Amino acid sequence: NAGVMQNPRHLVRRRGQEARLRCSPMKGHSHVYWYRQLPEEGLKFMVYLQKENIIDESGMPKERFSAEFPKEGPSILRIQQVVRGDSAAYFCASSPNRGGEQFFGPGTRLTVL
Amino acid sequence: GNSVTQMEGPVTLSEEAFLTINCTYTATGYPSLFWYVQYPGEGLQLLLKATKADDKGSNKGFEATYRKETTSFHLEKGSVQVSDSAVYFCALSGTQGGSEKLVFGKGTKLTVNP
């Protein structure tokens, strides 16, 4: 049973470009969480999604960031017009149900030049 | 809002030494408490958890007790091994905004030398 998959593992973008981060949850999991880890800080919650629905986006920046979890395919975290402050590690976690244990992926490390 | 404060690292110990990593929290209601471990290049793995006051979580020789009176969840291990070298995160969750999102401390890097 494969774990949570994230790709790419490393992503380099120039300022103003778009970044797309993908997360494939564990088989049978329909709940996905995205977290961001800035340098020297702990992980911060961004958004919680179930299939085709955003349940809680209270941690998402108001501009440039969006997330989706379509009926088929991975969850996508999209960052438009990236800035240097977006450089961070982005972790995805999945769970089989609300309140269930969250299983984390290895993260995507985004570097904005 | 909810928050977690954990002991700053890095922590360096010799093999078989006793480990304590302090963690305190601020929360409304009755959160669940967790310790996660992150090995180099990998995602976070759940190490142990406790869901109510006075519960003790334990796994792989690690223990932590949910202390409501001191709002603490300190991680302990009696005898560490080189393979325990990793970053340890204390976290809490509680229903806020309709989700069970986790709130993390900043992490404590542990290095165990042979």
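Before going into details, it helps to say that this report is about the structure given with it. (Residues numbered from 1 in each chain as written. Chains lettered and ligands numbered in written order. Predicted model: local features only at pLDDT ≥ 70, side-chain atom pairs only at ≥ 80, totals over all residues. Heavy atoms only, no water.)

Description of the overall build of chain B
- On a plain count of helices and strands, chain B comes out with zero helices and twelve strands.
- Over its C-alpha trace chain B gives a radius of gyration of 14 Å, about what one expects of a compact globule, namely 13 Å for 114 residues.
- Across its three principal directions, the C-alpha atoms of chain B cover 45 × 30 × 20 Å.
- Considering chain B as a whole, with its 114 residues, one finds that 46% of them fall into the buried category.
- Long-range contacts, defined here as pairs at least 24 residues apart, represent 55% of the contacts in chain B between residues at least 6 apart.
- Counting only carbon and sulfur atoms, one obtains 47% of the accessible surface of chain B, whose full area is about 5,400 Å².
- Of the side chains in chain B, 10 bear a positive and 11 a negative charge, and the two mean positions are spaced by 6 Å. (Helix = DSSP H or I, 4+ residues; strand = E, 2+ residues; numbered from the N terminus. Rg over C-alpha atoms; globule rule 2.2 N^0.38 Å. Buried < 20%, exposed > 50% of the residue type's maximum accessible area, 1.4 Å probe, protein only. Contact = heavy atoms within 4.5 Å. Areas by Shrake-Rupley, 256 points an atom, 1.4 Å probe, with all protein chains shown as cover. Lys, Arg positive; Asp, Glu negative; His and termini not counted. Charge placed at Lys NZ, Arg CZ, Asp CG, Glu CD.)

Considering the interface of chain A and chain B
- Between chain A and chain B, the contact holds 22 residues from the first and 19 residues from the second.
- Summing both partners gives a buried area of about 1,600 Å² for chain A against chain B, and 54% of it is carried by carbon and sulfur.
- The largest share of the area that chain A buries against chain B comes from Leu43, Arg98 and Phe104 of chain A, three residues that together contribute 30% of it.
- Our count for the contact surface shared by chain A and chain B stands at one salt bridge.
- Note that Asp56 of chain A and Lys101 of chain B form a salt bridge whose closest N and O atoms lie 3.6 Å from each other.
- Linking chain A to chain B there are three residue pairs in polar contact (both at pLDDT 80 or more).
- Listed by contribution, the elements that provide at least two residues to the side of chain A that touches chain B are strand 4 (31-37), strand 5 (43-50) and strand 6 (53-56) of chain A.
- Partitioning the side of chain A that touches chain B into residue classes produces nine nonpolar, six polar and seven charged. (Buried area = accessible area lost by both parts, 1.4 Å probe. Salt bridge = Lys/Arg side-chain N within 4 Å of Asp/Glu carboxyl O. Polar contact = N/O pair within 3.5 Å; in protein donor to acceptor, adjacent residues only side chain to side chain. Nonpolar A, V, L, I, M, F, W, Y, C, P; charged D, E, K, R; others polar.)

Brief notes about the state of the cysteines
- Evaluation of the coordinates by the stated rule reveals two disulfides over all chains.
- Each disulfide pairs two cysteine sulfurs, and for Cys23 of chain A the partner residue is Cys92 of chain A, the sulfurs being separated by 1.7 Å. The S-S bond linking Cys23 of chain A to Cys92 of chain A shows a torsion near -45 degrees; that makes this disulfide left-handed. One end of the pair, Cys23 of chain A, is in strand 3 (residues 19-24); the other, Cys92 of chain A, is in strand 9 (residues 88-95), and 69 residues separate them in sequence.
- Assessed through its relative accessible area of 0%, Cys23 of chain A is described here as buried.
- Paired by a disulfide, Cys23 of chain B and Cys90 of chain B hold their sulfur atoms 1.9 Å apart. Note on the Cys23 of chain B and Cys90 of chain B pair: the S-S dihedral is about -70 degrees, so by sign convention the disulfide is left-handed. Highlighted residues: Cys23 of chain B in strand 4 (residues 23-26) and Cys90 of chain B in strand 10 (residues 86-93), separated in sequence by 67 residues. As far as burial versus exposure is concerned, Cys23 of chain B and Cys90 of chain B are alike and both buried. (Disulfide = S-S within 2.5 Å.)

Here's the deal with the side chain of Ser93 of chain B
All names here are of chain B.
- Along the chain, the position of Ser93 falls in strand 10.
- Taking relative accessible area as the criterion, Ser93 reaches 7% and is therefore assigned buried.
- Among all residues touching Ser93, those that are not within four sequence positions of it are Pro31, Ser32, Phe34, Glu100, Lys101 and Leu102.

Section: the sheet that holds strand 3 (residues 19-21) of chain B
Residues and elements named next belong to chain B.
- The four strands lie next to each other as 3-9-8-7, forming an open sheet whose pairing is antiparallel. Each end of this open sheet is capped by a strand with a single partner; those strands are strand 3 and strand 7 (56-59). Adjacent strand axes in the sheet meet at a mean angle of 15 degrees, parallel and antiparallel pairs treated alike.
- The sheet contact formed by strand 7 and strand 8 (residues 62-65) spans four bridges and is antiparallel. (Pairing = 2+ DSSP bridges. Axes fitted to C-alpha atoms, helices over the stretch in contact; angles between N-to-C directions.)

Re the sheet that holds strand 3 of chain A
All names here are of chain A.
- Taking strand neighbours across the sheet as the criterion, the four strands line up as 1-3-8-7 in an open arrangement whose pairing is antiparallel. Looking along the sheet, the strands with just one partner apiece sit at the ends: strand 1 (5-7) and strand 7 (65-68). Averaged over all pairs of adjacent strands, the angle between strand axes in this sheet comes to 15 degrees, irrespective of strand direction.
- Taken together, the five bridges between strand 3 and strand 8 (residues 75-79) define a ladder with antiparallel strand orientation. Counted as the bridge partner of Cys23 is Ser75 from strand 8.

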